[in-house]
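# Reading the structure
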Amino acid sequence: MNSQMNQPLVSIGIPTYNRATSLRKTLGSLLIQDYPNLEILISDNGSSDNTLELCQDLAATDSRIRYVRHPVNQGAHENFAFVLNNTIGGYFMWLADDDSLSPNYISSCIEILLQDSSISLVSGRGYLFIDQQFARKDAPINILQESPQERLLYYHSLSQISSNSVFYGLVPRHTIVQVPRLQTIGSDWLMVGDLAFLGKIVTLENIHINRDMTHWLKPDKVLHNMVRAANLPPIEATNPDLHGLVRTFAHIAWVSDIYNSLDIGERFNLACKFWQQRSQELNYRRSTKISQYYQYCSIYQLFEDYVNSNQQSLDTIIDYITSPQELLNTLTLSLDTLPEEITRK
């Protein structure tokens, strides 16, 4: 790819907050990429360290860097959305402010995407570091099935998506703008699941992304911050895995436009297969609190019966209420009005 014509603009969005030290390394890895046609947007959530000075200095020496500082911290969700919505490249990727890329990362990813339009996401292997010490390589995620439904289910069946390094891969803009970014725990899982439905996912072995996973040392603090940011209902706040299961089911079955190529029956069937796959893995029935929750929330019991026996009429589920929006409202109401003995820790 020597000519500019064969090098479409690639946009890289970096949401940041008070990480000037690691951000310097992140930006350094971009400036030595062997793919020059880059647009780099740094969105600063009102940092109080020297992020401003660092970014202004670098932007003054390289026109590919654009720096925007928000006077008030708008939250991570809005910051991630900002860098996508305010870049123009035909291909896009997010990059965390404490991660860095191998020098041929962008060129290797774009080459694959230009060769095969059936691919929606290309990434390198995740190299995971804790306290600046190499911990392990992320398992590669390659999802190449022809069926969108099979790709989605296969992605959610993977046990190695806990670090989900594939999220920081390169995506065609026309694809990523279709995918909603939800303010919820596991939003990156939902997004990659959507991308798997829209196309194939490839992990390249010859490139890597260095990821700082030091936060793994304090999982309770990380989970607390995620729960607070997502403003979860009580039962879901104390059972975040349940939150992911319930929200992904709803996302597939009726909420997201991504799955509109399927009719309502196909969507519910796909969502129920996901439910069965994940609920068996998580084995919720061991939890008394969750069992009480199912008994109280009859609409979820209806879903559970359908999933387990496949004898419950899909029409009964659909006719339970008059519209998908009412169903969504009913679910939200059910989550917010659980008896105290169920939501109590």
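Residues numbered from 1 in each chain as written. Predicted model: local features only at pLDDT ≥ 70, side-chain atom pairs only at ≥ 80, totals over all residues. Heavy atoms only, no water.

Counting secondary structure elements, the protein chain contains 16 helices and 9 strands. When contacts within the protein chain are restricted to residue pairs at least 6 apart in sequence, those whose partners lie at least 24 apart make up 75%. Split by element, the accessible area of the protein chain, about 16,100 Å² in all, is 49% carbon and sulfur. (Helix = DSSP H or I, 4+ residues; strand = E, 2+ residues; numbered from the N terminus. Contact = heavy atoms within 4.5 Å. Areas by Shrake-Rupley, 256 points an atom, 1.4 Å probe, with all protein chains shown as cover.)

Turning to the pattern of salt bridges, a few remarks are in order. Evaluated as defined, the whole model comprises 9 salt bridges. With a shortest N-O distance of 3.3 Å, Glu39 and Arg66 are connected by a salt bridge. Remark: Arg66 occurs in strand 3 (residues 65-69) and Glu39 occurs in strand 2 (residues 38-44); sequence separation between them is 27 residues. A relative accessible area of 36% places Arg66 in the partly exposed class. Arg136 serves as the salt-bridge partner of Asp138, at 3.5 Å between the closest nitrogen and oxygen. The exposure class of Asp138 is buried, given its relative accessible area of 4%. Note on Arg136: relative accessible area 34%, which makes it partly exposed. Within the structure, one salt-bridge network assembled from shared partners comprises Arg19, Asp97 and Asp98. (Salt bridge = Lys/Arg side-chain N within 4 Å of Asp/Glu carboxyl O. Buried < 20%, exposed > 50% of the residue type's maximum accessible area, 1.4 Å probe, protein only.)

Another point: the packing of aromatic side chains. Overall, the coordinates contain 7 aromatic pairs when judged by the stated rule. When the ring of Phe80 is compared with that of Trp94, the centres are 6.0 Å apart and the planes differ by 45 degrees; the resulting orientation is tilted. Here the residue Phe80 occupies a position in helix 3 (residues 76-85), and Trp94 occupies one in strand 4 (residues 91-94), the gap between them amounting to 14 residues. Ring centres of Phe129 and Phe134 lie 5.6 Å apart, and the angle between their planes is 75 degrees; on these two criteria the pair is classed as edge-to-face. A relative accessible area of 45% means that Phe134 is categorised as partly exposed. Grouping aromatic residues by their ring pairs yields a cluster made of Phe80, Phe92, Trp94, Phe167 and Tyr168. Geometry around Phe80 places Arg181 over its ring, the cationic atom sitting 4.4 Å from the centre. (Phe/Tyr/Trp six-rings, centres within 6.5 Å; stacked < 30°, edge-to-face > 60°. Lys NZ or Arg CZ within 6 Å of the ring centre and 35° of its normal.)

This part takes up the side chain of Arg151. Relative to the assigned elements, Arg151 resides in helix 5 (residues 148-157). Here Arg151 occupies a buried position and makes no salt bridge, while the nearest side chain of opposite charge, Glu146, is found at 5.5 Å. Separated by 2.8 Å, the side chain of Arg151 and the backbone oxygen of Gln145 make a polar contact. At a separation of 3.0 Å, a polar atom in the side chain of Arg151 contacts the main-chain carbonyl oxygen of Phe197. Setting aside anything within four residues of it in sequence, one finds Arg151 in contact with Ile143, Gln145, Glu146, Ala196, Phe197, Leu198, Gly199 and Lys200. (Lys, Arg positive; Asp, Glu negative; His and termini not counted. Polar contact = N/O pair within 3.5 Å; in protein donor to acceptor, adjacent residues only side chain to side chain.)

Counted residue by residue, strand 1 (residues 10-16) has 7 buried out of 7 residues, so it is predominantly covered. With burial as the criterion, each face of strand 1 is covered, one bearing Val10, Ile12, Ile14 and Thr16 and the other bearing Ser11, Gly13 and Pro15. Note that strand 1 and strand 2 share 7 bridges and pair parallel. By the bridge assignment, Ile14 is partnered in strand 2 with Ile42. The parallel pair strand 1 and strand 2, bridged by helix 1 (residues 20-31), forms a crossover whose chirality is right-handed. (Pairing = 2+ DSSP bridges. Right-handed = clockwise from strand over helix to strand, strands pointing away.)

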